[in-house]
Amino acid sequence: MRAADLLAFATQSLLRARMRSSMMLLAMAIGVAAVVMLTALGEGARRYVTSEFSSLGTNLIIVLPGRTETGGINPGVLGGDTPRDLTLADAESLLRIPTVAQAAPLVVGQATVSSGRRERDTLLMGSTRTLFEVRSWGVKQGEMLPAIGWDQTASVCVVGGKIARELFPEGSAVGQWLRVGERRFRVIGIISSEGRSIGFDVQELVLVPVATAQAIYNRTTLFRILAQARSPEDIQRTRTAIIETLKGRHQGVEDVTVITQDALLSTFNSIFTVLTLALGAIATISLLVAGVLVMNVMLVAVSQRTAEIGLMKALGARPRQITSLFLTEAVLLALLGSLIGLAIGELITWVARQVLPFQAVAPTWAVVFGIVVAIICGLVFGILPARRAARLDPVLALAGRL
Amino acid sequence: MIELRHISRFFQVGEQTVHALDDVDLSIDTGEYVAVMGPSGSGKSTLLNILGLLDKPTGGSYVLDGTDTTHLDADAQARVRAEKVGFIFQIFHLVARLTALENVELPMVLAGRSSAERRARARELLTGVGLADRMDHRPDQLSGGQRQRVAIARAMIMKPALLLADEPTGNLDTASGTDVLEVLERLNAEGLTLIVVTHDPQIGARARRRISMRDGKVLEDVRR
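Everything quoted here is computed from the prediction, not taken from an experiment.

(A) Looking closely at the overall build of chain A. Check the secondary structure of chain A and you find 13 helices and 12 strands. Relative to the 2.2 N^0.38 estimate, which gives 21 Å for 402 residues, the radius of gyration of chain A is 33 Å and therefore markedly larger than a compact globule would have. Dimensions of chain A, computed from the C-alpha atoms along their principal axes, are close to 100 × 55 × 35 Å. Put simply, 81% of the contacts in chain A that link residues at least 6 apart link residues at least 24 apart.

(B) Up close: the overall build of chain B. Of the regular secondary structure elements, chain B holds 7 helices and 10 strands. In terms of its C-alpha atoms, chain B occupies a principal-axis envelope of roughly 50 × 40 × 35 Å. Relative to its full complement of 224 residues, chain B shows a buried share of 47%.

(C) Layout of the sheet that holds strand β4 (residues 59-64) of chain B. Here 4 strands make up an open sheet; going across it, the order is β2-β1-β4-β5 (chain B) and the pairing antiparallel. Pairing within the sheet leaves two strands with one partner each, and these edge strands are β2 (16-28) and β5 (67-68) of chain B.

(D) Expanded view of the domain arrangement of chain A. One can read the domain layout of chain A as domain 1 (3-52 + 272-398) and domain 2 (84-254). When each unit is reduced to the centre of its C-alpha atoms, the spacing between domain 1 of chain A and domain 2 of chain A is 57 Å.

(E) Looking closely at the nonpolar core. Counting residues in each nonpolar core, the largest one holds 128 residues, and the members touching the most others are A:M28, A:V32, A:V294, B:V36, B:A153 and B:L164. Those residues in contact with A:M28, other than ones at most four positions away along the chain, are A:A290, A:L333, A:A334, A:G337, A:S338, A:G341 and A:A374. Listed in part, the 54 residues of the second largest apolar core include A:A103, A:L131, A:V208 and A:V256.

(F) Focus on helix α12 (residues 364-391) of chain A. Taking 1.5 Å of rise per residue, the 28 residues of α12(A) would be expected to cover 40 Å, and the 40 Å separating its terminal C-alpha atoms lies within 8% of that figure. The axis of α12(A) is deflected most strongly, by about 40 degrees, at A:I383, and proline A:P385 appears within four residues downstream.

(G) Examining the packing of helix α9 (residues 261-304) of chain A against α12(A) more closely. All names here are of chain A. Relative to each other, α9 and α12 sit at 25 degrees, their axes nearing to 8 Å. It follows that α9 is roughly parallel to α12 by the angle criterion. The way α9 lies across α12 gives a crossing that is right-handed.

(H) Region of the structure containing the interface of chain B and chain A. Counting residues at the interface gives 21 residues for chain B, matched by 20 residues for chain A. Looking at side-chain class alone, the side of chain B that touches chain A contains 12 nonpolar, 4 polar and 5 charged residues.

(I) Structural view of the environment of A:E170. Residue and element names in this part refer to chain A. Position of E170 among the secondary structure elements: in the loop between α6 (161-167) and β6 (177-180). Classification of E170 by C-beta neighbours within 10 Å gives exposed; the count is 6. Along the sequence, E170 and G370 sit 200 residues apart, while their C-alpha atoms lie 57 Å from each other.

(J) Summary view of the environment of A:S338. Residue and element names in this part refer to chain A. Structurally, S338 is set in helix α11 (residues 319-355). For S338 and K162, which are 176 residues apart along the polypeptide, the C-alpha to C-alpha distance reads 48 Å. Those residues in contact with S338 that lie beyond four places of it in its chain are M28, V32, G370, I371 and A374.

(K) Spatial organisation of the sheet that holds strand β9 (residues 209-214) of chain B. All names here are of chain B. Reading across the sheet, the 6 strands line up as β6-β7-β8-β3-β9-β10 and stay open at both edges, with mixed pairing between neighbours. Each having just a single partner strand, β6 (85-88) and β10 (217-223) make up the two edges of the open sheet. On average, each strand axis in the sheet is inclined to that of its neighbour by 15 degrees, with strand direction left out of account. As defined by bridge partners, strand β3 (residues 33-37) adjoins β9 across 4 bridges and the pair is classed as parallel. By the bridge assignment for β9, M37 is matched with S212.

(L) Quick look at the packing of helix α5 (residues 144-156) of chain B against helix α6 (residues 174-189) of chain B. Residue and element names in this part refer to chain B. Relative to each other, α5 and α6 sit at 15 degrees, their axes nearing to 9 Å. When the interaxial angle is binned, α5 and α6 end up roughly parallel. Considering the relative orientation of α5 and α6, their crossing is right-handed. Contact residues: α5 offers G144, G145, Q148, R149, I152 and M156, while α6 offers S176, D179, V180, V183, L184 and L187.

(M) Structural context of the pairing of strand β1 (residues 60-65) of chain A. Residue and element names in this part refer to chain A. Taken together, the 4 bridges between β1 and strand β11 (residues 224-229) define a ladder with antiparallel strand orientation. Its bridge partner being in β11, I61 is matched across the sheet by A227. Examined bridge by bridge, β1 and strand β12 (residues 256-260) share 5 bridges and lie antiparallel to one another. Paired with V63 across the bridge in β12 is V258.

(N) Spotlight on the confidence of the model for chain A. Residues and elements named next belong to chain A. Confidence in the prediction of chain A, expressed as mean pLDDT, is 87, and 94% of residues score 70 or more. Highest mean pLDDT in chain A belongs to strand β5 (residues 156-159) (94); lowest belongs to helix α3 (residues 75-79) (48). Across residues 70-74, where pLDDT falls below 50, the model places 6 contacts with residues more than four positions away in sequence or in other chains. Contacts of residues 76-80 to residues separated by more than four positions or lying in other chains number 6 contacts, the stretch itself having pLDDT below 50.

(O) Here's a closer look at unusual backbone geometry. Even without being glycine, A:Q251 reaches a positive phi, approximately 55 degrees. Checked against the element boundaries, A:Q251 lands in the loop between α8 (235-249) and β12. What makes A:Q251 exposed here is the crowd of 8 C-beta atoms within 10 Å. Even without being a glycine, B:H6 presents a positive backbone phi close to 50 degrees. A residue is classified by how many C-beta atoms lie within 10 Å of it, and B:H6, with 12 of them, is exposed.

(P) Up close: the environment of B:T58. All names here are of chain B. With respect to the helices, strands and loops of the structure, T58 is situated in the loop between α1 (44-51) and β4. Through-space distance from the C-alpha of T58 to that of D22 is 9.8 Å; in sequence the pair is 36 residues apart. Discounting residues that sit within four places of it in the chain, T58 has contacts with S8, R9 and F10.

The rules we used
- Every chain is numbered on its own, with residues counted from 1 as its sequence reads.
- The order in which chains are written sets their letters, starting at A; the order in which ligands are written sets their numbers, starting at 1.
- In keeping with the model being predicted, local features are shown solely for residues with a pLDDT of at least 70 and side-chain atom pairs are shown and tallied solely at 80 or more, while totals for entire chains, interfaces and linings include all residues.
- Under the scheme used here, helices are H or I runs from DSSP no shorter than 4 residues and strands are E runs no shorter than 2 residues, and both carry numbers assigned from the N terminus.
- It is over C-alpha atoms that the radius of gyration is taken, and the globule rule equals 2.2 Å times the number of residues to the power 0.38.
- For the purpose of contact definition, each residue receives a C-beta atom placed from its backbone, and two residues are in contact when these atoms lie within 7 Å.
- Remark: C-beta atoms are placed from the backbone, and a residue is labelled buried if 20 or more other C-beta atoms sit within 10 Å of its own, exposed if 12 or fewer do, or partly exposed between those counts.
- Between any two strands, at least two bridges found by DSSP are needed for them to pair.
- The domain boundaries here were taken from an automatic or database domain assignment.
- By convention in this section, buried Ala, Val, Leu, Ile, Met, Phe, Trp, Tyr and Cys residues joined through C-beta atoms within 7 Å make up a nonpolar core.
- A helix's residues, less one, multiplied by 1.5 Å, set its expected span.
- Here the bend at each residue means the angle between axes fitted to two seven-residue stretches, the one ending at that residue and the one beginning there.
- Fitted lines through C-alpha atoms serve as axes, helices being fitted only where they are in contact, and the angles separating the N-to-C directions of these axes extend from 0 to 180 degrees.
- Oblique is the label for every angle not falling under 35 degrees (roughly parallel), over 145 degrees (roughly antiparallel), or within 65 to 115 degrees (roughly perpendicular).
- The sense of a crossing depends on the near helix, which, turned anticlockwise from the far helix by less than a right angle, makes the crossing left-handed and, turned clockwise, makes it right-handed.
- Each residue is assigned to one class: nonpolar for Ala, Val, Leu, Ile, Met, Phe, Trp, Tyr, Cys and Pro, charged for Asp, Glu, Lys and Arg, and polar for all the others, Gly among them.
- Along the chain, pLDDT gives the predictor's confidence residue by residue, from 0 to 100.

Here it is, written out as structure tokens:
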């Protein structure tokens, strides 16, 4: 039998049983659409997180107090001894490392800021002028934090755009005074960066000199030190140098954690890749269920068409031809169903892209995988009914006694 | 052309063994017109199924056109069916979703012939059985007699040497039954070996050779 005839014959019998065929198409389509949508979601989330991390700044190195590994447990917690805190002097010492282009200390806390009767809770951050360089921020109005010694306080602040609008709706915030607790600060600039950062919105930030923030919260410690390596090639070397420098300052104890941006990125990348795989695997289950349905319906088709199968045998069809007739039907259904599913899945992810903040795009491997699994399902679950058809006794089949 | 030696076919029905065919010897020459007669259960349909290689005898040998078919595998038997045997059934067995033309083409489709070749041959055959204007009709748009004539055209498309008809007029009225028999007899006159299974003595009387069966045995073998 020629391939074209086989295809035409299978198509004709599928068209003849419209209800049956469309149920199987639907089941297959839902399976493939599920694979496309769920993996698109996972992939979208991965891309979102990756781009968020990239917006942290370039060649960024983050120093945290305490010896922790990403995903590990702080041994200091287990052993009961408190890790040494990071200090401003620690931060300043990093500037002496040749491959460090810039460093910025960070103190972070919640604060209630007010102007007149307007008041809101926000994130207060203490840092230095160098933070703007490290994070590639700028000011759209006024100026950055003053270039004063890191241990000097000043009653000035730079605020995010949203804070400026909310506290000073009438006019420019620059030059105005705002109140943080009992202290008054003069607004000297508005941060221009549109970027969001992990965990907080730059637009809702109040930035003061680091020593001032330490005074507000009455502490001498730092939350983080951000450092910037001179070039991507310097990142690893700089990381080692930072650890050595701080170890030297802390009586030879390695009690800081240094995270590089690319390590963070690759960690999150692999987490989200695994997540996408898991979502894909879950969706594959629906494909298998569709496969079982295909098998069921094909079995029904075989018993409905016993007379036809008997006739084919009488007309000289070999057992293998009967098998391939039914397998072709099953695979055709699977292929068509998966294409429909692909279309549905792509349509829904397109809609999702218009609504969600991140780019949900099904990765190519998932699309290929979905279609291939659908076809394999059609083959595997089509074999049993097709074999049964090929084994029918032609005499009984023609006599209608099966 | 056909040599049956000690052919037997047993069925196990529950505890009982049914002897559908019991040690049948039979020779049929090329071009013969044979009517196999007998009451139901006499084994005449089983004989036809074995002649058409649809059924395997429990014992004995069957030589068709010089080949012993008893030991052929399923594929080889299918090839013999395709090339040498044509079947006519009481209930026609046309494929409902295919047109008359496509039904006639079906054996050639299964044999992998080109569509131009089979189309031409199917048209020629349908014209020969008087259905030139019904080629694109589906079976449910045809009368019983027309359906059986489509079935005859289908049986003839592979130019078989042997035509096996199982109660070909059983579902037809007298007039269209006679039509169908005349078509079959014309083919026989052109050299085709024709074996008709029937329980109708009037139809049996038309054949040149009449084989009567009872309880799986040949009771009578009469030539006219």
